[in-house]
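# Structural features, examined
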Amino acid sequence: MGGIRTAGDLVARMQLRGMRLTEAKEYVAGKLGVDVRDLSNSTVMRTVREELDIGVVTAVPGVAKGLAAKARIAELLDVEINCVEKLKAKMGL
Amino acid sequence: MATIRTRMGDGSDVELTPKELRQELEDGCQAAVKRGKVDPLTEDDFEYLIEMFSCPSRIWGVQRGNEAILSKDGSTNSLYSSRLSSGVGLPLSREQCVRTFEAAFGFDSMEVGHTDYSVKPVKPICTLEQHHVECCLNTTILPIFYGFMPNLGLYFQPDGPFPNPSDLLPKGQIEEGRRAQEEGIVTLVEDLKWVTGMMDQVGADGFNYDTVASTGDAEFLATLQAVEWASKNTKLGVEVGMAAEMVLGFHGELEYDGVRLAGLWPHQQLKLVEKAGAAIFGPVVNTNSGKTSPWNIARSVTFVKACTKDATIPIHPNVGMGVGGVPSFEVPPADIVTRASAAMVEVGGADGL
């Protein structure tokens, strides 16, 4: 599906929670406020990802990367991401 | 008459007439129906496959909007290893490879694993593996799995402590062979649980148990027990990827939840994997190198469609060298890999690969 070029990583996270493909796409599209067809459209998702600051595929200074991006993804998708929870525990949050 | 250029299951070229193509597809489908006792493909499915194979384009893909998710086995071995996973031997570290898969190849998820990709070799260096997983988690955005093969075979002599069933069974020592496997299961389950728990501790997103049941029904049972434990005791989503299309009965009498494991086909394996609590199931359909790619792909998608029909979890069929309709050759040809991949989604109903 294109990974962080599009919304593939986000849909993959929902599949890890047992959602089939259609359900996972609909869930992510709903949380992002886009049409399901836009999830695999890199032209749309490049802009959406930068606006939501959840990590983009090109190397742009200042845009969330790594754990910071995943912390924002966890909030956006309303899911717990294991490594983000570990960071919070280290920070006493 | 114009012929259709395609391949055999060993990657060599072959040309078929349209009539021969149709026959190959029907024969492949019936081969799955007969062995697995599953439903055949529909006429719409055959029309799609005929169009796909008849198209002279080298590369084939899914329709826009039908894109599916990629999960990975073999970690980054395809980049930095040698013959393992048809590796190209690049001088890259695993962290560099994971970043490459994320940013350059557009993978949806990625896996860290040991070069010697079995659970037993991981145990002595588990803390190093944890460190690599943590480093990847700090710098990547996509979900990170840790993966290995349970590979019960490494627990038998001469590699492990238990008597080898492969030595005992040909001598008629059936009970001794079964006992050895039962003892091996106990140790393997403990190892699976331990390493899985260690990766959960450092924040991995998921776990991939790969080539499950390579050593038959005993290994399948051990994996199901480990999946059950992981689903209850960790935050990891567990993917179970099989080794072969049918579970071989080296033991023959092992059961999980009252179901005998020996002889199970993919749609039957799925039910137990779901019951154990896995997040994703990766069925395998073996490539027959003596048959054509249309035959192999039709057979593969027939089996996979039987899985996706009633699945409650995502299905990611294995589409790699020698499985899922892909030829058994070290450098799998893109014309068939792209066709097998798309067919799995468009005809087989797969949620990913």
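Below, the structure is looked at part by part. (Residues numbered from 1 in each chain as written. Chains lettered and ligands numbered in written order. Predicted model: local features only at pLDDT ≥ 70, side-chain atom pairs only at ≥ 80, totals over all residues. Heavy atoms only, no water.)

### What about the sheet that holds strand β3 (residues 110-112) of chain B?
Residues and elements named next belong to chain B. Spatially, five strands are ordered β3-β4-β5-β6-β9 in an open sheet, and the strand pairing comes out parallel. The two strands at the open ends of the sheet, each matched to only one other strand, are β3 and β9 (280-282). Each strand axis lies, on average, 25° off the axis of its neighbour in the sheet, ignoring direction. Pairing of strand β5 (residues 206-212) with strand β6 (residues 237-242), which is carried by five bridges, proceeds in the parallel orientation. Bridged to Y209 within β6 is V240. (Pairing = 2+ DSSP bridges. Helix = DSSP H or I, 4+ residues; strand = E, 2+ residues; numbered from the N terminus. Axes fitted to C-alpha atoms, helices over the stretch in contact; angles between N-to-C directions.)

### Structural notes on the packing of aromatic side chains
All names here are of chain B. A complete count under the given rule lists nine aromatic pairs over all chains for this structure. When the ring of W265 is compared with that of F303, the centres are 5.3 Å apart and the planes differ by 10°; the resulting orientation is stacked. Note that W265 is positioned in the loop between β8 (259-260) and α10 (266-276) and F303 in helix α11 (residues 293-308), a separation of 38 residues in sequence. Pairwise contacts between aromatic rings join Y146, F148, F207 and Y209 into one cluster. Looking at R22, its charged tip hangs above the ring of F46, at a distance of 4.8 Å from the centre. (Phe/Tyr/Trp six-rings, centres within 6.5 Å; stacked < 30°, edge-to-face > 60°. Lys NZ or Arg CZ within 6 Å of the ring centre and 35° of its normal.)

### Here we look at the interface of chain B and chain A
Across the contact, 40 residues belong to chain B and 34 residues belong to chain A. Of all residues in chain B, E67, I69 and I141 of chain B bury the most surface against chain A, accounting for 24% of the area lost on that side. The tally of links between chain B and chain A comes to three salt bridges. (Contact = heavy atoms within 4.5 Å. Buried area = accessible area lost by both parts, 1.4 Å probe. Salt bridge = Lys/Arg side-chain N within 4 Å of Asp/Glu carboxyl O.)

### Quick word on the packing of helix α1 (residues 8-15) of chain A against helix α2 (residues 21-32) of chain A
All names here are of chain A. Where α1 meets α2, the axes come as close as 9 Å, and the angle between the chain directions of the two elements is 125°. Here α1 is positioned oblique relative to α2, judged by the angle of their axes. Every pair of crossing elements has a handedness; the one defined by α1 and α2 is right-handed. Here α1 contributes L10, V11, M14 and Q15 to the contact with α2, which in turn contributes L21, A24, K25, Y27, V28 and L32. When the residues that make up the contact of α1 with α2 are grouped by side-chain class, the tally is eight nonpolar, one polar and one charged. (Parallel < 35°, antiparallel > 145°, perpendicular 65-115°, else oblique. Left-handed = near helix turned anticlockwise from the far one by under 90°. Nonpolar A, V, L, I, M, F, W, Y, C, P; charged D, E, K, R; others polar.)

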